[in-house]
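Spelled out, the chains give:
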Amino acid sequence: MIKELFVDYYKNAIVNNWNFPALQDYDNKESVITFGQLGNNILRLHKLFSDCGIKKDDKIVLVGKNSVNWGCVYLAATTYGAVIVPLLQDFTPKDIYALTNHSDARIAFISEYILNKMDVSNFTLLEEIFKLDNFDSYFVRNGESHTYGRNMAEVSAKDFTLPPQPNDKLGVILYTSGTSGSPKGVMLTLNALAANIKFARENMFLVSGDKLVSFLPLAHCYGCAFDFLYPLTEGCHIIFLGKLPSPQVILKAFGEYKPRLILSVPLILEKIYKGKIKPTLEKPAVKFMTKI
């Protein structure tokens, strides 16, 4: 167990970078929120969780493309004491029903375009579903729906705090496919997340104000840890691509935002090389220059 607490990383980052940009959706430049707004969004979601009767260790499912709201829900759940269950947006409705039911989740945040393809009667345990796009209630099993507190009074940096959570607490359940069979639920403690953050802070070079273009799926461990969780603790500005990372789209985004650090996987790098770099290298003039 490391001494650095997961929750403290975000409490400190939010307070120390209050007025700096934190999260933004690539397709919507007006979507950018500061660290102070991120902190207040987290507190509003904490209030929503409380109104829904969510208790420590209750499960919250999260399904949708990488976005500002995705990041807010993830951090709100893990700092509240709940367990976040992020599912890949390209899972089939059948898989989403099965994994949500298997996780024993009580509430879910799901993008509207995904909800439009689903039959919510297939969720056997969910008590309420909220649209990830705007946090509006979409489905409630019994009783009245609950409302996200957009008009809740905001706190200032000096008054902002987060409820303490021990690092040995379960924080995330990731459903990942093995070599065969159905996806398996991998349980990660807050200590596991904090240890990755600690490693990155000691071995990477980001500083407050640096920009990143995030395009790896955040429902995967690698992208979430190093494209989202770690940079935020340094006070970075994360721009979520939120679309298929084709070479044309990625290079355009890189040109616009000039990220300090790029995290990728071999398949994407190979596509960029074959589609953009290799054709340039094979031009006669370039071949001649490389010989010289």
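The coordinates are above.
What comes next concerns the included structure. Keep in mind the model is a prediction, meaning the values are calculated, not measured. Within each chain, residues carry numbers counting from 1 in the order of the written sequence. In keeping with the predicted nature of the model, local features appear solely for residues at pLDDT of at least 70, side-chain atom pairs appear and are counted solely at 80 or more, and the whole-chain, interface and lining totals rest on all residues. Heavy atoms throughout the structure, all of them, feed into the side-chain values; hydrogens and water do not.

Attention now moves to the overall build of the chain. For the chain, the helix and strand inventory stands at ten helices and eleven strands. Our radius of gyration looks at C-alpha atoms and nothing else; its globule reference is 2.2 Å times the residue count to the power 0.38. Taking 2.2 N^0.38 as the reference for a compact globule, 292 residues should give roughly 19 Å; the C-alpha atoms of the chain span a radius of gyration of 20 Å, in line with that estimate. When the backbone C-alpha atoms are referred to their principal axes, the chain occupies close to 75 × 45 × 40 Å. Expressed as a percentage of the 292 residues in the chain, the buried residues total 50%. Within the chain, contacts between residues at least 6 apart in sequence are counted, and of these 66% link residues at least 24 apart. For every accessible area listed, the method is Shrake-Rupley and the probe measures 1.4 Å; residues are considered covered only by the protein chains on display. Summed over its atoms, the accessible surface of the chain is roughly 14,000 Å², and 56% of this surface lies on carbon and sulfur atoms. His is not counted here, nor are the chain ends, while Lys and Arg score as positive and Asp and Glu score as negative. Here the site of a charge means NZ on Lys, CZ on Arg, CG on Asp, or CD on Glu. Measuring between centres, the 32 positive side-chain charges of the chain sit 8 Å from its 28 negative side-chain charges. By definition, any uninterrupted DSSP run of H or I lasting at least four residues is a helix, any uninterrupted run of E lasting at least two residues is a strand, and each is numbered from the N terminus. Note on exposure labels: buried denotes an accessible area under 20% of the residue type's maximum, exposed denotes more than 50%, and partly exposed covers the range between, all computed with a 1.4 Å probe on protein chains only. In this analysis, two residues are considered to be in contact whenever any of their non-hydrogen atoms come within 4.5 Å of each other.

Moving on, we come to helix H4 (residues 93–103). Burial in H4 covers these residues: Ile 96, Tyr 97, Leu 99, Thr 100, Asn 101 and Ser 103. Looking at the packing, one finds that the buried side of H4 touches strand E3 (59–63), strand E4 (83–87), helix H5 (112–115) and strand E8 (170–176). Two residues or fewer after H4 comes Asp 104, characterised by a positive phi angle close to 65°.

As a rule, the C-alpha atoms of each element are fitted with a line to give its axis, helices using only the stretch in contact, and angles between N-to-C directions run from 0 to 180 degrees. Where helix H1 (residues 6–16) contacts helix H6 (residues 190–203), the two axes come as close as 8 Å, and the packing angle between them is 55°. Relative to H6, the element H1 lies oblique. Along the contact surface, H1 presents Phe 6, Tyr 9 and Tyr 10, while H6 presents Leu 190, Leu 193, Ala 194, Ile 197, Lys 198 and Arg 201. Split by residue class, the contact of H1 with H6 holds seven nonpolar, no polar and two charged. When an angle is under 35 degrees it counts as roughly parallel; over 145 it counts as roughly antiparallel; between 65 and 115 it counts as roughly perpendicular; any other value is oblique. Note that Gly is not counted as nonpolar here; it falls among the polar residues with everything else outside the nonpolar set of Ala, Val, Leu, Ile, Met, Phe, Trp, Tyr, Cys and Pro and the charged set of Asp, Glu, Lys and Arg.

In this section: unusual backbone geometry. Phi angles above zero are rare outside glycine, and Phe 135 is one such case at about 70°. In this structure, Phe 135 sits in the loop between strand E6 (128–131) and strand E7 (137–140). Accessibility expressed as a relative area gives 4% for Phe 135, which makes it buried.

Geometric values such as these leave the question of function open.
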